[in-house]
Amino acid sequence: MAERAVDAGPDRRVNGLTRLLEACAAPLAGERERWPLWLPAAGGVGIALYFGLAAEPPWWAGPAAAAAALAAALVMRRRPVAPVLAVGLLAAAIGFAAAQARTARVAAPMLDRPIGPVWVTGRVVAQDVLPEGVRIVLADPEIGRYADGPVPDRVRVRLKRDAMPLPTGAGVGVLAMLNPPSGPAAPGAFDFRRHAFFGGIGAIGFAVGDARVLTPPGRGGAGLWLEALRQGIAARVAAHLSGDRAAIAAALLTGERGAIRASVYESIRDAGLAHLLAISGLHLGLVAGLVFFAVRAALALSPALALNRPIKKWAAVAALVGAFFYMMIVGATVPTQRAFLMTGLVLVAVLWSTARRYRCGWSPGPRRRCWRSRRTACWDPASRCRSRR
């Protein structure tokens, strides 16, 4: 009796696991056609799990979990349900590891206490035109009278109300009050400190004096060039429009919505048109469509190109490049990237089409066919082969 009582525990646990797998089998079988679509959701669960932790886990936690899930999927590959669950756990572990890698890549020092007024110098790498002034981001800052604490990689400073935009890439100096980024105001509220951390900003503050340009703009990378182009477009719009019209036009062209007044944005939101200010599918579709039809119409003006070359595919390539360039100008936010992927999928389908457009002629014989063409028949034996473009 004692031996039977001792053996009942493992059997009960095995039977419970079997019943659990059998209970999961029916829902999983119903979702069989959509199993690949659940992989991103499982990855999102892993990312949410990482950000829900109270402390930073060891660096090997994500890779170890992914290796364990992969091993479980291989070991239980002959079972009906276990491999599917193991692959889901593998996707969650990959999401967890990706969040860890992203955090390690953007990790930068943050200010540990409020300081100022203090003289801050740095290079302007980004700036936002707001209704009440200009806000700049300084890279590689030097903070005077502050040598006993971590120096942030980037500092965001709001200039005085009457300040004008500064040249992007220029070295500037300003007397400012600096503070570490604040945490959420309430549990579950927006965490500005985490937002600033992933933006590389280690201190925020406001200017108590006028900003001075110390060095002219120098050479920079692609990001600095795009920021200068974005500011140039906004300045050109402001030169021809004024007020709220200029702010809305600049938001549609550059993705910067900071210049829109709060009352105007509230009116747009009440009218149900706030989605028009978020650069997404409508905007990418318009840009890609305009480039596609403009390039194709221009190429069709030449009969030699229109009859002998795949101008539709050339126009698709131009539209793809134009959509990508527009995405980079507006900041490549998540909605913009999603819209670019969908638009790019359509344009790649145009490039992948199997119909070949060649110069064609007639083959001899009782059944005349087009040569060097995928079309099996020609419309008129007495004329040249018609090639649809």
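Residues numbered from 1 in each chain as written. Predicted model: local features only at pLDDT ≥ 70, side-chain atom pairs only at ≥ 80, totals over all residues. Heavy atoms only, no water.

K.L.:
Break down the overall build of the protein chain for me, with residues and values.
P.N.:
Secondary structure assignment for the protein chain yields 12 helices and 6 strands. Among the 389 residues that make up the protein chain, the fraction classed as buried is 32%. Of all intrachain contacts in the protein chain linking residues separated by at least 6 positions in sequence, the fraction that spans at least 24 positions is 64%. Per element, the accessible surface of the protein chain, about 24100 Å² overall, is 64% carbon and sulfur. (Helix = DSSP H or I, 4+ residues; strand = E, 2+ residues; numbered from the N terminus. Buried < 20%, exposed > 50% of the residue type's maximum accessible area, 1.4 Å probe, protein only. Contact = heavy atoms within 4.5 Å. Areas by Shrake-Rupley, 256 points an atom, 1.4 Å probe, with all protein chains shown as cover.)

K.L.:
Residues and numbers for the nonpolar core, please.
P.N.:
Core analysis: the largest hydrophobic core is formed by 20 residues, its most contacted members being I115, I136, V157, L159 and L178. Elements represented by at least two residues in this core include exactly β1 (115-130), β2 (133-143), β3 (154-158), β4 (171-179) and β5 (203-207). Beyond its immediate chain neighbours, meaning those up to four positions away, I115 contacts I143, Y146, M177 and L178. Counting residues in each nonpolar core, the second largest holds 16 residues, with L284, F292, A315 and A319 among its members. (Core = buried A, V, L, I, M, F, W, Y, C linked by side-chain atoms within 4.5 Å.)

K.L.:
Lay out the pattern of salt bridges with the relevant residues and their values.
P.N.:
Per the stated rule, a full pass over the model turns up 7 salt bridges. Here D112 ties to R113 by a salt bridge, and the two come within 3.5 Å at their closest N and O atoms. Note on D112: relative accessible area 44%, which makes it partly exposed. Of the residues examined, R113 reaches a relative accessible area of 31% and is grouped as partly exposed. A salt bridge links E132 to R158; the nearest nitrogen and oxygen atoms lie 3.5 Å apart. (Salt bridge = Lys/Arg side-chain N within 4 Å of Asp/Glu carboxyl O.)

K.L.:
Lay out helix α6 (residues 222-240) with the relevant residues and their values.
P.N.:
The end-to-end C-alpha distance of α6, which contains 19 residues, comes to 27 Å, matching closely the 27 Å that a straight helix rising 1.5 Å per residue would cover. As for α6, its buried residues are in contact with β1, α7 (243-254) and α11 (311-329). (Expected span 1.5 Å × (residues − 1).)

K.L.:
Explain unusual backbone geometry to me, using residue names and the numbers behind them.
P.N.:
Of note in this structure, D140 is not a glycine but carries a positive phi near 50°. Tracing the backbone through its elements, the reader meets D140 in strand β2. Positive phi, normally seen in glycine, also occurs at A332, with a value near 55°.

K.L.:
Pulling in residues and values, what's your account of the packing of helix α9 (residues 281-300) against helix α12 (residues 334-352)?
P.N.:
Between α9 and α12, the shortest axis-to-axis distance is 8 Å and the interhelical angle comes to 45°. The orientation of α9 with respect to α12, classified from their angle, is oblique. Every pair of crossing elements has a handedness; the one defined by α9 and α12 is right-handed. Across from G281, L284, G285 and A288 in α9, the residues of α12 making contact are T336, A339, F340 and T343. (Axes fitted to C-alpha atoms, helices over the stretch in contact; angles between N-to-C directions. Parallel < 35°, antiparallel > 145°, perpendicular 65-115°, else oblique. Left-handed = near helix turned anticlockwise from the far one by under 90°.)

K.L.:
Run through empty space enclosed by the protein, naming residues and quoting values.
P.N.:
Leftover empty space is mapped by rolling, across the atoms, a probe with the size of a water molecule. Under the criterion given, the structure shown has 2 cavities of 30 Å³ or more. Considering the residues around the second largest cavity, the lining is formed by V106, A108, P109, M110, A196, F197, G200, I201 and G202. (1 Å grid on protein atoms, 1.4 Å probe; cavity = no way out; pocket = protein on both sides within 12 Å on 5 of 7 lines; lining within 4 Å. Points joined across faces, edges and corners; volume = space filled by probe spheres on them.)

K.L.:
Could you give an account of the side chain of T168, naming the residues involved and the relevant values?
P.N.:
Locating T168 in the fold gives a position in the loop between β3 and β4. Judged by its relative accessible area of 14%, T168 is buried.

K.L.:
I'd like a rundown of the packing of aromatic side chains, residues and numbers included.
P.N.:
One pass over the structure, following the stated rule, counts 7 aromatic pairs. Summarising the aromatic geometry, the rings of Y50 and F96 are spaced 5.5 Å apart at their centres and angled 90° between planes, so their arrangement reads as edge-to-face. On the criterion of sequence distance, the pair formed by Y50 in helix α2 (residues 35-51) and F96 in helix α4 (residues 82-106) is long-range, its members being 46 residues apart. Looking at Y50, the relative accessible area reads 6%, which means it is buried. With a relative accessible area of 10%, F96 lands in the buried category. (Phe/Tyr/Trp six-rings, centres within 6.5 Å; stacked < 30°, edge-to-face > 60°.)

K.L.:
Can you break down the pairing of β5 residue by residue, with the values?
P.N.:
Of all 5 residues making up β5, 4 are buried, and the element is well covered by its neighbours. Of the strand pairs in this sheet, β3 and β5 are connected by 4 bridges, and their pairing is parallel. Looking at the pairing, V157 lines up with G205 of β5. Across 4 bridges, β4 lies against β5 in antiparallel orientation. Note that in β5 the partner of M177 across the bridge is F206. (Pairing = 2+ DSSP bridges.)

K.L.:
Account for the environment of T254, naming residues and giving values.
P.N.:
With respect to the helices and strands, the residue T254 is situated in helix α7. Using a relative accessible area of 1% as the deciding quantity, one classes T254 as buried. Separated by 73 residues in the primary sequence, T254 and M327 have C-alpha atoms spaced 9.3 Å apart. Discounting residues that sit within four places of it in the chain, T254 has contacts with R230, I233, A234, I329 and V330.

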